[in-house]
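Structural overview for review
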Amino acid sequence: MGSLLEIIALHPADAEAAQEGGADRLELCASMEADGLCPSVSTVSAIRRVTDLPLRVMLRLENSFTTNGADLNRLTAMAQSFLAAGADGFVLGFLTPDNQVDVESVGQLVSTFPGTPWTFHRAIDAVLEQPRAWRALRTLPGLDCVLTAGSSIGVGHGLDDLCKLAKDDPGVAGVMMAGGGLQPEHIPWLYQSGVRRFHVGSSVRQDGSWTKAYVNSRFVRSWRNLLDAQDARE
């Protein structure tokens, strides 16, 4: 399997540049100062009009990994609106107050869009017991990707743990998507461990700015070339 390159897009211009640079998929969100919240339906529609790349839309209302019944009801309705606007999948993830995967809440939400693939986001990096969390994720229908940095403060600190997780369990490697401060020098180590999915955000923007710069297609192309070179060594 060739490597997958997912780029965060906040606007249509981001999506166009990401596709031009060779991205495989987009994550759509807003409010990066809160580590990514739901975008507007109009933004999803606008991005869908300028790209044919698969779109995974963030389902997250607050800068928190916990949720409640009212929020789940809102997210259920929003998910249907996003699908109507052109979304192909979702990005979500909830934890219990004691920092375990909230299987009940996640399961309740994903049951409202059966057959739609989704990513469990970096809430996984905040759990207390990683093996238990990964076992819980295996029980959730539709999950085909887990975005993780191996550490709540980024891949630079979690790289060794990511590589060990992937090497020890090919099933984990098959769904793991490395992201969260990902740098080019991390790629060979992750690739050798069996990871083939990579998620990039600020590093494809001038000066890493979310507010002053759009995605730069040349920066995306450099990531694409790096992953293609790794694939060619297979």
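Before reading on, note that the structure itself is shown above.
The sections below set out a description of the structure shown in this document. Bear in mind the structure is a predicted one, so any value in this text is a computation, not a measurement. (Residues numbered from 1 in each chain as written. Predicted model: local features only at pLDDT ≥ 70, side-chain atom pairs only at ≥ 80, totals over all residues. Heavy atoms only, no water.)

With respect to the overall build of the protein chain
- Counting secondary structure elements, the protein chain contains 9 helices and 8 strands.
- Here the protein chain has a C-alpha radius of gyration of 17 Å; the compact-globule value for 234 residues is 17 Å, and the two agree.
- Taken along the three principal axes of its C-alpha coordinates, the protein chain extends 45 × 40 × 30 Å.
- For the protein chain, buried positions account for 53% of its 234 residues.
- The long-range share in the protein chain, meaning contacts at least 24 apart out of those at least 6 apart in sequence, stands at 65%.
- For the protein chain, the accessible area works out to roughly 10,200 Å², and carbon and sulfur atoms hold 51% of it.
- When the 20 positive and 27 negative side-chain charges of the protein chain are each reduced to one mean point, those points stand 3 Å apart. (Helix = DSSP H or I, 4+ residues; strand = E, 2+ residues; numbered from the N terminus. Rg over C-alpha atoms; globule rule 2.2 N^0.38 Å. Buried < 20%, exposed > 50% of the residue type's maximum accessible area, 1.4 Å probe, protein only. Contact = heavy atoms within 4.5 Å. Areas by Shrake-Rupley, 256 points an atom, 1.4 Å probe, with all protein chains shown as cover. Lys, Arg positive; Asp, Glu negative; His and termini not counted. Charge placed at Lys NZ, Arg CZ, Asp CG, Glu CD.)

Let's talk about the pairing of strand 1 (residues 4-9)
- Summarising burial for strand 1: 6 of the 6 residues are buried, a large majority.
- Judged by which residues are buried, strand 1 turns out to be covered on both faces: Leu4, Glu6 and Ile8 on one side and Leu5, Ile7 and Ala9 on the other are all buried.
- Pairing analysis gives 4 bridges linking strand 1 to strand 8 (residues 197-200), with the strands arranged parallel. Bridge assignment links Leu4 to a residue of strand 8, and that residue is Arg197.
- Viewed along the sheet, the connection from strand 1 through helix 1 (residues 12-21) into strand 2 (residues 25-28) turns out right-handed. (Pairing = 2+ DSSP bridges. Right-handed = clockwise from strand over helix to strand, strands pointing away.)

What to know about the sheet that holds strand 7 (residues 176-179)
- Strands sit in the order 1-2-3-4-5-6-7-8 around a closed barrel of 8 strands; the barrel is parallel. Across this sheet, the average inter-strand angle for adjacent strands is 25°, counted without regard to direction.
- Of the strand pairs in this sheet, strand 5 (residues 118-120) and strand 6 (residues 143-148) are connected by 3 bridges, and their pairing is parallel. Within strand 6, the position partnered with Phe120 by the bridge is Val146.
- The strands touched by helix 5 (residues 130-137) within the sheet are strand 5, strand 6 and strand 7, with strand 6 carrying the most contacts at an inclination of about 155°. (Axes fitted to C-alpha atoms, helices over the stretch in contact; angles between N-to-C directions.)

Here we look at the pattern of salt bridges
- A full pass over the atoms with the stated rule returns 10 salt bridges.
- For Asp144, the salt bridge identified is with Arg56, shortest N-O distance 2.8 Å. Residue Asp144 is found in strand 6, and its partner Arg56 is found in strand 3 (residues 55-58); the two are separated by 88 residues along the sequence.
- A relative accessible area of 26% means that Asp144 is categorised as partly exposed.
- Among the ionic pairs, Arg122 bridges to Asp125, the shortest N-O distance being 2.8 Å.
- If you follow the salt bridges from partner to partner, you end up with Asp24, Arg224 and Asp228 in one network. (Salt bridge = Lys/Arg side-chain N within 4 Å of Asp/Glu carboxyl O.)

Quick look at the nonpolar core
- Within the largest apolar cluster, 67 residues are counted, with the highest numbers of intra-cluster contacts made by Ile7, Leu26, Phe90, Leu92, Trp118 and Phe120.
- The biggest single contributor to this core is helix 3 (residues 69-85), with 6 residues.
- Setting aside anything within four residues of it in sequence, one finds Ile7 in contact with Ala18, Ala23, Arg25, Leu26, Glu27, Val200, Val204, Val215 and Val220. (Core = buried A, V, L, I, M, F, W, Y, C linked by side-chain atoms within 4.5 Å.)

Remember that the coordinates give geometry; whether it matters functionally is a separate question.
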